[in-house]
Amino acid sequence: METLTSLENHFLIAMPTMDDPFFARAVTYICEHNKDGAMGLVINQPVDVTVESLLQQLEIVVPSKSPVLQKPVFAGGPLARDRGFVLHAPDHGWRSSVKLSEQVMITTSKDILEAMGQGHAPERYLLTLGYAGWEAGQLERELAENSWLVIPADAEILFNTPIRERWQRATAKLGIEPWQLGPDVGHA
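A few points on the structure.

Scoring rules and cut-offs
All chains use their own residue numbering, which begins from 1 and follows the written sequence. Residues qualify for local features only when their pLDDT is at least 70, as the model is predicted, and side-chain atom pairs are given and counted only at 80 or more; totals for whole chains, interfaces and linings, by contrast, use all residues. No hydrogens and no water enter the side-chain calculation; it runs on all heavy atoms of the structure. A run of H or I in DSSP counts as a helix once it spans at least four residues, and a run of E counts as a strand once it spans at least two, with each numbered from the N terminus. For the radius of gyration, the atoms used are the C-alpha atoms, and the globule rule reads 2.2 Å times the number of residues raised to 0.38. Three labels apply to residues, based on accessible area from a 1.4 Å probe with only protein chains included: buried if under 20% of the type maximum, exposed if over 50%, partly exposed otherwise in between. Here a residue-residue contact requires only that any non-hydrogen atoms of the pair lie within 4.5 Å. Where accessible areas are quoted, they stem from the Shrake-Rupley method and a 1.4 Å probe; at the residue level, only the protein chains shown are allowed to cover. Put simply, a salt bridge is a Lys or Arg side-chain nitrogen that is within 4 Å of an Asp or Glu carboxyl oxygen. Only Phe, Tyr and Trp rings are paired, with Trp represented by its six-membered ring, and only when their centres lie within 6.5 Å; those with planes under 30 degrees apart are stacked, over 60 edge-to-face, the remainder tilted. By definition here, charges over rings are those cases where NZ of Lys or CZ of Arg is within 6 Å of the ring centre and within 35 degrees of the ring normal. Side-chain atoms within 4.5 Å link the members of a nonpolar core, which is a set of buried Ala, Val, Leu, Ile, Met, Phe, Trp, Tyr and Cys residues.

**Let's talk about the overall build of the protein**
- Helix and strand content of the protein: 5 helices and 10 strands.
- The C-alpha radius of gyration of the protein comes to 17 Å, within 12% of the 16 Å expected for a compact globule of 188 residues.
- When each of the 188 residues of the protein is scored for burial, the buried share is 45%.
- Long-range pairs, those at least 24 residues apart, make up 63% of the contacts in the protein with a sequence separation of at least 6.
- When the accessible surface of the protein is summed, it comes to about 9,900 Å², and 50% of that surface belongs to carbon and sulfur atoms.

**Notes on the pattern of salt bridges**
- Going through the model one piece at a time under the given rule, you end up with 5 salt bridges.
- We note a salt bridge from Glu 102 to Lys 99, for which the minimum N-O separation is 3.5 Å.

**So, the packing of aromatic side chains**
- Counted according to the given criterion, the structure contains 5 aromatic pairs.
- Here the aromatic rings of Phe 11 and Tyr 29 are separated by 6.2 Å at their centres, their planes lie at 70 degrees, and the arrangement is edge-to-face. Taken as a pair, Phe 11 in strand β1 (residues 10-14) and Tyr 29 in strand β2 (residues 27-34) lie far apart in primary sequence, 18 residues in all. Judged on exposure class, the residue Phe 11 and its partner Tyr 29 are both buried.
- Relative to Phe 23, the ring of Phe 22 has its centre 5.3 Å away and its plane inclined at 70 degrees; by these criteria the two rings are edge-to-face.
- Note on Phe 22: relative accessible area 18%, which makes it buried.
- Judged by its relative accessible area of 8%, Phe 23 is buried.
- An aromatic cluster is present here, built from Phe 22, Phe 23, Trp 134 and Trp 148 joined pairwise through their rings.
- Between the NZ or CZ atom of Lys 71 and the centre of the ring of Tyr 125, over which it lies, the distance is 4.3 Å.

**Some thoughts on unusual backbone geometry**
- Its identity is not glycine, yet Asn 9 carries a phi of approximately 60 degrees, on the positive side.
- Within the secondary structure, Asn 9 sits in the segment before β1.

**Quick word on the side chain of Thr 28**
- Turning to its location among the elements, Thr 28 is positioned in strand β2.
- Those residues in contact with Thr 28 that sit more than four places away from it in its chain are His 10, Phe 11, Leu 12, Phe 23, Gly 40, Leu 41, Val 42, Trp 134 and Trp 148.

**Section: the nonpolar core**
- Judged by nonpolar contacts, the single largest core of 24 residues is most densely connected at Phe 11, Tyr 29, Ile 43, Leu 87 and Leu 158.
- Secondary structure elements with two or more residues in this core: β1, β2, β3 (37-42), β6 (79-88), β10 (148-152), α4 (155-160) and α5 (166-172).
- It is α4 that contributes the most residues to this core, 4 residues altogether.

**A few points about the environment of Val 98**
- Assignment of secondary structure puts Val 98 in strand β7 (residues 97-99).
- Residue classification places Val 98 among the partly exposed residues on the basis of a relative accessible area of 45%.
- On a C-alpha basis, the gap between Val 98 and Val 73 in space is 20 Å, while along the polypeptide they are 25 residues apart.
- Beyond its immediate sequence surroundings of up to four residues, Val 98 is in contact with Met 105 and Ile 106.

Here it is as structure tokens:
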């Protein structure tokens, strides 16, 4: 029986040939990957909402024009789009925080949003609505079909790289330029 290599704390980089419009040129941070499937958050598809306006919609009082809350909210994936996920640098845990690596935690509880509203946002964070999910074996099939490239996650790309550059920077970490990615990459 073949053992599964977990892709937790890795980026999936969508190949240019990806025909799903939601994942076109997407970079997805994999939060969980096991025999039952995988869960990840797209980190480069902003929606037309700031963190501040989302907090206001949730009736969380926010400091006026706090620069740390002017960040965009991201479409984390096509599933559960009404559910929030906060990827952030390790910080004290909130009710639903899980450490994913030495550089990244995920929190899904409302208390982190309330802390943000009180001016206590994590130093580095990214907020998504929704997530991407794969059933058992589905991600492995997509990898075999060359839908994705995989690299270890990079906190610099996750938190500090301008949104429009994340796909190119992730691709460059493989030592290739985006124009080199054609439908036959990965086939010998």
